[in-house]
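This is what each chain is made of:
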Amino acid sequence: MGTKILIPTALRQYAGGQEIVEVNATDVSDALQQLTSTYPDLKKNLLSDEGSLRSFINIYKGEDNIRDLSNLQTQISDGDELLIVPSIAGGSMASDIMDEITLSNDEIHRYSRHLLIPEFGIEGQKKLKQSSVLMIGAGGLGSPLAMYLAAAGVGKIGIVEYDTIDTSNLQRQLLYRTEDVGKAKADVAKSSIHGINPFVDVELYNTPLTSENALDIFRGYDVVVDGTDNFPTRYLVNDACVMLGIPNVYGSIFRFEGQVSVFNLDQDCACYRCLYPEPPPPGLVPSCAEGGVLGVLPGIIGSLQAIETIKLLTGIGESLKNRLVIFDALKMKFKELKLKKNRDCVVCSDHPTITELIDYEQFCGMPSHDRMEPAESDAQSPDEITVFELKKRLDNGEHPFILDVRLNEEYEICKLDGATLIPIHDLPLRYQELDPNREIIALCKVGARSAKAADFLKEKGFKDVKNLVGGINAWSEFIDPEVPYY
Ligand SMILES: [Zn+2]
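None of the values given here were measured: they were computed from a predicted structure.

1. Points about the packing of helix α7 (residues 121-129) against helix α14 (residues 297-314)
Then, number 1: The geometry of α7 relative to α14 is characterised by a closest axis approach of 8 Å and an angle of 105° between their N-to-C directions. Overall, the two elements α7 and α14 adopt an arrangement that is roughly perpendicular. Counted together, G124, K127 and L128 of α7 and I310, L313 and T314 of α14 form the full contact between these two elements.
Then, number 2: Taken together, the residues of the contact of α7 with α14 break down into three nonpolar, two polar and one charged.

2. Side note on the environment of S191
Then, number 1: Inspection of the secondary structure puts S191 in helix α9 (residues 185-196).
Then, number 2: On the neighbour-count criterion, S191 (13 C-beta atoms within 10 Å) is partly exposed.
Then, number 3: Along the primary structure S191 and V202 are separated by eleven residues, whereas in three dimensions their C-alpha atoms are 9.3 Å apart.

3. Remarks on the sheet that holds strand β7 (residues 156-160)
Then, number 1: Read across the open sheet, the eight strands follow the order β8-β7-β6-β9-β10-β11-β12-β13; overall the sheet is mixed. The outermost strands of the open sheet, each flanked by one partner alone, are β8 (201-205) and β13 (333-338). Across the sheet, the axes of successive neighbouring strands diverge by a mean angle of 15°, strand direction being ignored.
Then, number 2: Relative to strand β12 (residues 323-328), strand β11 (residues 257-263) is paired through four bridges, and the arrangement is antiparallel. Paired with G258 across the strands is F327, a residue of β12.
Then, number 3: Packed onto the sheet, helix α11 (residues 231-244) meets β6 (132-136), β9 (223-226), β10 (248-254) and β11 and runs at close to 165° relative to β9.
Then, number 4: Against the sheet, α14 contacts β6, β9, β10, β11 and β12, and its axis sits at roughly 170° relative to β10.

4. Topic: the sheet that holds strand β1 (residues 3-6)
Then, number 1: If you walk across this open sheet you meet the five strands as β2-β1-β5-β3-β4, and the pairing is mixed. At either end of the open sheet lies a strand with only one pairing partner, and these are β2 (20-23) and β4 (64-65).
Then, number 2: Examined bridge by bridge, strand β3 (residues 57-61) and strand β5 (residues 81-86) share five bridges and lie antiparallel to one another. Across the sheet, the residue bridging to I57 is P86, located in β5.
Then, number 3: Contacting β1, β2, β3 and β5, helix α2 (residues 28-38) runs over the sheet at an angle of about 115° to β2.

Reading the values: the criteria
Residues numbered from 1 in each chain as written. Predicted model: local features only at pLDDT ≥ 70, side-chain atom pairs only at ≥ 80, totals over all residues. Axes fitted to C-alpha atoms, helices over the stretch in contact; angles between N-to-C directions. Helix = DSSP H or I, 4+ residues; strand = E, 2+ residues; numbered from the N terminus. Parallel < 35°, antiparallel > 145°, perpendicular 65-115°, else oblique. Contact = placed C-beta atoms within 7 Å. Nonpolar A, V, L, I, M, F, W, Y, C, P; charged D, E, K, R; others polar. Buried ≥ 20, exposed ≤ 12 C-beta atoms within 10 Å, placed from the backbone. Pairing = 2+ DSSP bridges.

As structure tokens, this is what we get:
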């Protein structure tokens, strides 16, 4: 096993299209020597005539810039990874690289409305072509993002998404059509993107984003766009971007309101944690799956993220660095708040206390997804019950106390016969209405909120509380399709 050199998209054309080149070297200088003797065209992009590292190139050994170590003399050993990071965003891209990028006549025709804008022009279009954007999530925000970034001519779009398309997505996720229900979002997103623009290179990561895989997935991308719908992933995305020095275009939506900003653009730029050092307590802020969202809203917020991304990649305009835009669709008002980098931020300050990715589900006290699959036969623990077991017990004439902890609006959509509604937010005030000695089966939409409710009741001394795994949606899916799935 030798040392892997990771070649960024912009330089791959000089390295035979290779993403990774493996060498056996003792220091960085030796590694570059071997790399450039195999691919001589790379040499002028990496090293000056005197043999020093060119100023617009950074090389990272693991997470450290070699300029902070012993520069080209930095020792390397088997298993080390070297990452070449050319400066691109902000228009400081090396002109000799830019000269090499060309637009075909087809591309010139396709992008002609860009080329006519003086601030944008051929130069801007070439920058887009050699740039790469990683989208976290291909849902409500990801749909307009993917479509506009693809149409605009971003060279490479990476998509982290492992969900499948559900009918309830179609109200806002315009990448998908009715006939796509049940298919993997990532696959359909890729074919939608290619339908819009076949010149885009699409890289799919059909896997949940975790602390274990995030840095490997993010590394090498010019911009990361956060289109997640949950706090654990949002903090994970932020921290990984800070650790790798990648700008993070943030967007979030809830019901009629959305937020957009640009985090971690440079040393003076706030990150998400500067704004929100810690997540809200579990259950306080419901997700879109729990709280709902107006279908057009992610179209607007995702489009704003797409504009910010294109500005960063081409170096035009003023970014949303240190500014948070809040959009209220009901009042049709945009508000702008100033953000400031927190000089004591736990992750992006000069003295961070978080220097590697942590367990974000534990940090946020919630899972990073709202899909809870019911076990086929038995529940996982004595504190859980599956829809199959509940059905069997009801069929046997048993009458367990069923506690529904969803919102009133959800209860109006569908309910189980005989269930008692106490929304989870009211539970701390109303739990005394319940009999602590009776068996209680708690349910919600997918089983996450009811698990919290069950924990709460057990803390209050309730003897036998079980969580219905998969919630009422599992009941609809596996037991009674007459109950609407939402
Ligand atoms: Zn910060």
